[in-house]
Amino acid sequence: MAKLIDGKTISTQIKDEVKAETEKLKEKGIKVSLAVIQVGNDPASSVYVRNKKKACEYCGIESLSYELPESTTEEELLKLIRDLNDNPECNGILVQLPLPKSINEEKILDEISPLKDVDGFHPVNVGALSIGKPGFVSCTPAGVIELIKRSGYSIEGKECVVIGRSNIVGKPMAMLLLRENGTVTVTHSRTKDLKEVTKRADILVVAIGKPKMIDASYVKEGAVVIDVGIHRNEDNKLCGDVDFESAEPHCSAITPVPGGVGPMTIAMLMKNCLESVKLQNRV
Ligand code: NDP
């Protein structure tokens, strides 16, 4: 039986570490804060925003809440971001996606100061990652690295295959595995023989957005399999991009859905908030 990689426990460890550090900063008179901006009231976004605020509270991070109406214009949102960029009371800025169609998401994300870009989406931070300079890293792939390392698996020298090349998961994931000295292959919808590639993976990271697509026939015996996908099936139950029942007997370790990668994303956001204070206060 494969070892279950427990994202709940590991994410709690990380949040406890952040909490301990925010307490130490408070003793020095430095507080940590995150501005959370939501435009409109998409129910899924509201759940994510609520969970982010809850995590802030747990970690001793102040959340500055901006709940804006659906009718907010691009100019109004840009102005808010410029104000927050200049506001020393605000360390991190998070804009909950998706934004209403009338607003250009890329324009908004590019306006966030790279020093406050705790989601790690700004081109400056994306570029820093690709040339090995310090900066904020997208939370989900950063969380995957923590899951692998804290579960006792080494990445160095391993064949690592990433399925998916999105800007928020696949690409930064590949850069991070490379930074950890893995031998990295990135696959996508145009990859010719996906199974032939994934069967080589000692570490397989799956971020396709297709429920249960990856079954045992894609997995090398003894691989570590990380499932980033998250979906609701017909019974309203959560499942991932990996067919867990099929793949699990062939893995040495695997993440469950829920309870694997999911909780790590918010924990890494909290870690990035702490980093933002360190950057801005140079502590
Ligand atoms: P995207 O839809 O942006 O990207 C999916 C990627 O998968 C694309 O690169 C696409 O290739 C590739 N792909 C699609 N079909 C195939 C196929 N048949 N074979 C090989 N590759 C394929 O998704 P995201 O990266 O944003 O998210 C991926 C999954 O992770 C989703 O389920 C999402 O919900 C989940 N997610 C979970 C998070 C968490 O916190 N747990 C956070 C973020 C995402 P191409 O580029 O060629 O189109």
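Predicted model, so just to flag it, every value in this text is computed and none were measured. (Residues numbered from 1 in each chain as written. Predicted model: local features only at pLDDT ≥ 70, side-chain atom pairs only at ≥ 80, totals over all residues. Heavy atoms only, no water.)

Draft legend 1. Quick peek at the sheet that holds strand β5 (residues 159–163). Taken in spatial order, the six strands make up an open sheet running β1-β11-β8-β7-β5-β6, and their pairing is parallel. What marks the edges here is a single partner per strand, and that holds for β1 (3–4) and β6 (183–187). Sheet topology places strand β8 (residues 223–227) next to strand β11 (residues 251–254); three bridges connect them, and they run parallel. What sits directly across from Ala223, in β11, is Cys251. (Pairing = 2+ DSSP bridges. Helix = DSSP H or I, 4+ residues; strand = E, 2+ residues; numbered from the N terminus.)

Draft legend 2. Representation of the domain arrangement of the protein in the model. Segmenting the protein into domains produces domain 1 (29–118) and domain 2 (139–262). Just the C-alpha atoms count here: the centres of domain 1 and domain 2 sit 29 Å apart. (Domains from an automatic or database assignment.)

Draft legend 3. A look at the site of the ligand. In the vicinity of the ligand, 23 residues are found, and the nearest of them are Arg165, Ser166, Ser189, Lys210 and Thr265. One nitrogen or oxygen atom from the side chain of Arg165 is found 2.8 Å from an oxygen atom belonging to the ligand. Considering the ligand on its own, with 930 Å² of exposed area, one finds that the protein chains cover 70% of that surface. (Near = heavy atom within 4 Å. Polar contact = N/O pair within 3.5 Å; in protein donor to acceptor, adjacent residues only side chain to side chain. Areas by Shrake-Rupley, 256 points an atom, 1.4 Å probe, with all protein chains shown as cover.)

Draft legend 4. Representation of the side chain of Glu248. As for its placement among the helices and strands, Glu248 is situated in the loop between α9 (244–247) and β11. Buried charge Glu248 goes without a salt bridge, the closest partner of opposite sign being Lys3 at 13 Å. Beyond its immediate chain neighbours, meaning those up to four positions away, Glu248 contacts Met1, Ala2 and Ile254. (Buried < 20%, exposed > 50% of the residue type's maximum accessible area, 1.4 Å probe, protein only. Lys, Arg positive; Asp, Glu negative; His and termini not counted. Salt bridge = Lys/Arg side-chain N within 4 Å of Asp/Glu carboxyl O. Contact = heavy atoms within 4.5 Å.)

Draft legend 5. Seen up close, the sheet that holds strand β3 (residues 62–68). With parallel pairing, three strands are arranged side by side in an open sheet as β3-β2-β4. Here the strands that pair on one side only, and so sit at the sheet edges, are β3 and β4 (92–95). Going across the sheet, the axis of each strand differs from the next one's by a mean of 15°, ignoring polarity. As paired elements, strand β2 (residues 33–39) and β3 share seven bridges and run parallel to each other. Its bridge partner lying in β3, Ser33 is registered against Glu62. In the packing of helix α3 (residues 74–86) onto the sheet, contacts are made with β2, β3 and β4, and the angle to β2 comes to roughly 180°. (Axes fitted to C-alpha atoms, helices over the stretch in contact; angles between N-to-C directions.)

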